[in-house]
Amino acid sequence: MRLKNVPGSREAVVQSEYVVQETEPKKGCWTEVFGNANPIHIEIGMGKGRFISDLAKLNPGINYVGIEKYSSVLIRAIEKQEELMLPNLKFIRMDAENICDWFEKGEVDKIYLNFSDPWPKDRHAKRRLTSVQFLARYEKLLMPGHGLEFKTDNRDLFDFSLEQFDEAGWIKDYVTYDLHHSEYMEGNVMTEYEEKFSSMGNPICKVAAHF
């Protein structure tokens, strides 16, 4: 779901010190961006940034990069970060299709996908962030043997994603159709959507997989 346009959000994103701009060095230069060589975890489609901000607070030895397409959404994450000032958290405003322009091969340790747009029409399947087309992109960024975690309450999208992992030759580390009543709930960090949907009684599906 897209938020309404927030006046001045695009300008604020461009001016924010927490947003890495297209004109700045990035691909292969993330050690310079963060000032250290700590592992890099990214969240694609981070929304308002609650999930990735919480992770960054809990894990100061990991660098986090939140990716969001819409300025009107990203601005909320920036506002949080202006209060928290976490040194291990940066943002990018970009379309996920261009992710290979931002990270060098093997530069990323882990990817998070949370409640991604299901793109329900069949003709839009390749736009889903768990499609084989996107998995091929992730393989260019991730260190060999590393992978992603995906959470959703959309069962159709989840089943599609499991099929895509198989088609792409990825290995599923674990699968649960009801995260909040499973052994994998320990240490779980919730997103805004996860809290909302689970409170409505919707089971949350989760898979962890690597290539």
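For the structure, see preceding data.
Quick caveat, the model's predicted, so the values are computed rather than measured.

A. Summary view of the layout of surface pockets. Size it by volume and the second largest pocket reaches roughly 160 Å³. Lining the second largest pocket are 13 residues; nearest its centre among them are E149, G187, N188, V189 and K206. For the lining of the second largest pocket, the elements supplying multiple residues, two or more each, are α3 (50-58), β4 (108-114) and β5 (142-152). Residues that form the lining of the second largest pocket fall into these classes: 6 nonpolar, 2 polar and 5 charged.

B. Geometry of the packing of helix α5 (residues 132-141) against helix α6 (residues 155-168). Interaxial distance between α5 and α6 falls to 9 Å at its minimum, and their mutual angle equals 55°. Judged by the inter-axis angle, α5 sits oblique to α6. Seen from above, α5 lies across α6 with right-handed handedness. Mapping the contact onto sequence places V132, L135 and E139 in α5 and Q164, F165, E167 and A168 in α6.

C. Summary view of the nonpolar core. Judged by nonpolar contacts, the single largest core of 36 residues is most densely connected at I42, I44, F103 and Y138. Per element, the largest residue contribution to this core is 5 residues, and it comes from α6. Counting residues in each nonpolar core, the second largest holds 19 residues, with V19, Y64, L89 and Y112 among its members.

D. Structural view of the environment of H180. For H180, the position within the fold is in the loop between β6 (171-176) and α7 (192-199). Judged by its relative accessible area of 22%, H180 falls in the partly exposed class. With sequence-adjacent residues up to four places away left out, H180 is seen in contact with M185, N188, M190, E194, S198 and I204. A distance of 2.7 Å separates a polar atom in the side chain of H180 from a polar atom in the side chain of E194.

E. Inspection of the packing of aromatic side chains at higher detail. With the rule as written, the count across this model stands at 11 aromatic pairs. Here W30 and F103 contribute two aromatic rings whose centre-to-centre distance is 5.1 Å and whose plane-to-plane angle is 15°, an arrangement assigned as stacked. With W30 in helix α2 (residues 30-34) and F103 in the loop between β3 (89-93) and β4, this pair connects stretches of sequence that are 73 residues apart. We note that W30, like F103, is buried. Ring geometry for Y174 versus Y184: centroids 4.0 Å apart, planes at 10°, classification stacked. Within this pair, whereas Y174 is found in strand β6, its partner Y184 is found in the loop between β6 and α7, the two being separated by 10 residues in sequence. Among the residues examined, Y174 registers a relative accessible area of 16% and is labelled buried. Over the aromatic face of F134 sits the side chain of R137, whose NZ or CZ is 4.5 Å from the ring centroid.

Cut-offs and rules
- Residues numbered from 1 in each chain as written.
- Predicted model: local features only at pLDDT ≥ 70, side-chain atom pairs only at ≥ 80, totals over all residues.
- Heavy atoms only, no water.
- 1 Å grid on protein atoms, 1.4 Å probe; cavity = no way out; pocket = protein on both sides within 12 Å on 5 of 7 lines; lining within 4 Å.
- Points joined across faces, edges and corners; volume = space filled by probe spheres on them.
- Helix = DSSP H or I, 4+ residues; strand = E, 2+ residues; numbered from the N terminus.
- Nonpolar A, V, L, I, M, F, W, Y, C, P; charged D, E, K, R; others polar.
- Axes fitted to C-alpha atoms, helices over the stretch in contact; angles between N-to-C directions.
- Parallel < 35°, antiparallel > 145°, perpendicular 65-115°, else oblique.
- Left-handed = near helix turned anticlockwise from the far one by under 90°.
- Contact = heavy atoms within 4.5 Å.
- Core = buried A, V, L, I, M, F, W, Y, C linked by side-chain atoms within 4.5 Å.
- Buried < 20%, exposed > 50% of the residue type's maximum accessible area, 1.4 Å probe, protein only.
- Polar contact = N/O pair within 3.5 Å; in protein donor to acceptor, adjacent residues only side chain to side chain.
- Phe/Tyr/Trp six-rings, centres within 6.5 Å; stacked < 30°, edge-to-face > 60°.
- Lys NZ or Arg CZ within 6 Å of the ring centre and 35° of its normal.

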